[in-house]
Amino acid sequence: MKWEGNRESSNVEDRRDGDSGGSGGGMLGGRSVGIGTIVIALLGGWMFGINPMTIISLLSGGGVPSAQVQEAPAHRPPKDDQLAKFVSVVLADTEDVWKGVFAKAGGTYKEPALVLFRGATRTACGQGQAAMGPFYCPGDQKVYIDLGFYETLKNRLGAPGEFAQAYVIAHEVGHHVQNLMGISAKVDGMRSRVSQTQYNALSVRLELQADCFAGVWAHHAQNARQILENGDIESAMNAAAKIGDDALQRAGGGEVVPDSFTHGTSAQRQRWFSTGFQTGVVKSCDTFSARQL
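Treat the numbers as computed from the prediction; the structure is a model and nothing was measured.

J.: Can you help me understand the overall build of the protein in this one?
T.: On a plain count of helices and strands, the protein comes out with 10 helices and eight strands. Buried residues in the protein amount to 52% of all 293 residues. Taking the intrachain contacts of the protein between residues at least 6 apart in sequence as the baseline, contacts between residues at least 24 apart amount to 75%. When the accessible surface of the protein is summed, it comes to about 13,000 Å², and 52% of that surface belongs to carbon and sulfur atoms.

So, in structure tokens, the structure goes:
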């Protein structure tokens with residue numbers, strides 16, 4: 001992926017100096033939750049469609065996760081931190097693309113912040129944990145990532161490559177776009193009105209749309225700045241395959257249970273990313289009207 005020398009975003013917050021990276025856990029509800037417990041909880045969430053924040057909160061004694069992680073004030077990443085620089089460039093590229101897309105539609109794009117942290121950190125959605133992988137919090141409109149996830153993506157999930165890493169950021173920014181468009185709120189509003197299986201199905205459509213939006217970003221970034229090198233799209237497609245619900249359930253040694261899917265199968269995630277990349281059109285990402293995912 002061609003990214004060096006490109007603009008870096010000013011919306012990156014570095015909390016790594018103050019976060020609890022050494023413990024791998026943190027405090028939730030006044031009790032410490034170890035990293036092993038968190039991983040088990042997250043596997044349960046992936047398999048059964050339960051919000052990881054909810055599982056971890058229950059394991060820690062119930063209630064909304066409290067923000068007890070001590071943090072230093074956020075600052076810009078060090079200039080010699082190459083991986084942080086890469087993430088900053090990718091975020092800047094998503095800003096440029098989505099500003100243009102929104103402006104063309106007569107709207108205004110509000111840029112999200114991206115928070116670098118280690119171990120655990122406070123969010124408006126409760127306490128974030130590194131074991132959750134990258135995530136987006138609509139409450140504060142921030143994307144959160146522990147950069148150690150990229151080692152997991154490469155070594156444990158088998159999805160190496162810079163463009164695979166960029167796809168991860170673009171997917172989370174896709175959730176921000178959904179939030180700005182009011183899509184996330186509509187889906188969340190259905191939570192108490194439908195069964196768990198039905199809500200899981202809505203969650204799948206939400207996640208696949210974020211994959212498609214990541215593809216829309218890649219389409220416009222390539223047209224404007226020629227960021228792609230040989231193998232980059234294949235790298236992103238491989239990453240999409242490795243984090244499909246069916247792939248994760250098989251990797252966890254469990255049975256594949258379609259009713260529990262919350263993100264979509266490997267094939268579906270690849271298909272919708274490809275749709276966004278091929279068309280570059282937001283309307284092509286209407287997963288909620290699609291008869292077949």
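J.: What's the story with unusual backbone geometry in this structure? I'm lost.
T.: Leave glycine aside and you will find that most residues have negative phi; peptide bonds, for their part, are mostly trans. Unlike most non-glycine residues, Gln141 shows phi in positive territory, near 55°. Along the polypeptide, Gln141 turns up in the loop between β7 (135-137) and β8 (142-145). Phi at Gln226 is positive, roughly 50°, even though this residue is not glycine. With respect to the helices and strands, the residue Gln226 is situated in the loop between α7 (196-225) and α8 (232-242).

J.: Just to check I follow, could you spell out the packing of helix α5 (residues 162-181) against α8 for this structure?
T.: When two helices pack together, their arrangement is given by the angle between the helix axes and by the axis-to-axis distance. Where α5 meets α8, the axes come as close as 7 Å, and the angle between the chain directions of the two elements is 55°. By the angle class used here, α5 and α8 are oblique. Judged by the twist between their axes, the crossing of α5 over α8 is right-handed. On α8, the residues touching Phe163, Ala164 and Tyr167 of α5 are Asp232, Ile233, Ser235, Ala236, Ala239 and Ala240.

J.: What exactly am I supposed to notice about the nonpolar core here?
T.: Soluble, globular proteins show a tendency: their nonpolar side chains are buried together. Grouped together as the largest cluster of nonpolar side chains are 55 residues, with contacts concentrated most on Met1, Trp98, Leu114, Tyr150, Phe163, Tyr167 and Trp217. For this core, the element with the most residues is helix α3 (residues 82-104), which contributes 10 residues. The contacts of Met1, once residues within four sequence positions are left out, are Phe86, Val90, Glu162, Phe163, Ala166, Trp217, Ile227, Glu229 and Asp232. Counting residues in hydrophobic clusters, the runner-up holds six residues, among them Val115, Phe117, Cys137 and Tyr144.

J.: I would appreciate a short explanation of the state of the cysteines in the present structure.
T.: What makes a disulfide is a covalent bond joining the sulfur atoms belonging to two cysteines. The final tally for this structure, using the stated rule, is two disulfides. Disulfide pairing places Cys125 opposite Cys137 at an S-S distance of 2.1 Å. Around the S-S axis, the bridge from Cys125 to Cys137 shows a dihedral of about 95° and counts as right-handed. Pair noted here: Cys125 is in the loop between β5 (120-123) and β6 (126-129) and Cys137 is in strand β7, with a separation of 12 residues, a long-range link. With relative accessibility at 31%, the residue Cys125 sits in the partly exposed group. Between the sulfur of Cys212 and that of Cys285 lies a disulfide, 2.0 Å long from S to S. In this structure the cystine formed by Cys212 and Cys285 twists about its S-S bond by roughly -75°; its chirality is therefore left-handed. With Cys212 in helix α7 and Cys285 in the segment after α10 (266-279), the pair connects residues that are 73 residues apart, well separated along the chain. Across the pair, Cys285 and Cys212 agree in class, each one buried.

J.: What's the story with the side chain of Thr123 in this structure? I'm lost.
T.: Within the secondary structure, Thr123 is located in strand β5. A distance of 2.8 Å separates a polar atom in the side chain of Thr123 from the backbone nitrogen of Cys125. Engagement of the side chain of Thr123 in a polar contact is seen with the backbone oxygen of Gly126, the distance being 2.6 Å.

Calculation criteria
- Residues numbered from 1 in each chain as written.
- Predicted model: local features only at pLDDT ≥ 70, side-chain atom pairs only at ≥ 80, totals over all residues.
- Heavy atoms only, no water.
- Helix = DSSP H or I, 4+ residues; strand = E, 2+ residues; numbered from the N terminus.
- Buried < 20%, exposed > 50% of the residue type's maximum accessible area, 1.4 Å probe, protein only.
- Contact = heavy atoms within 4.5 Å.
- Areas by Shrake-Rupley, 256 points an atom, 1.4 Å probe, with all protein chains shown as cover.
- Axes fitted to C-alpha atoms, helices over the stretch in contact; angles between N-to-C directions.
- Parallel < 35°, antiparallel > 145°, perpendicular 65-115°, else oblique.
- Left-handed = near helix turned anticlockwise from the far one by under 90°.
- Core = buried A, V, L, I, M, F, W, Y, C linked by side-chain atoms within 4.5 Å.
- Disulfide = S-S within 2.5 Å.
- Polar contact = N/O pair within 3.5 Å; in protein donor to acceptor, adjacent residues only side chain to side chain.

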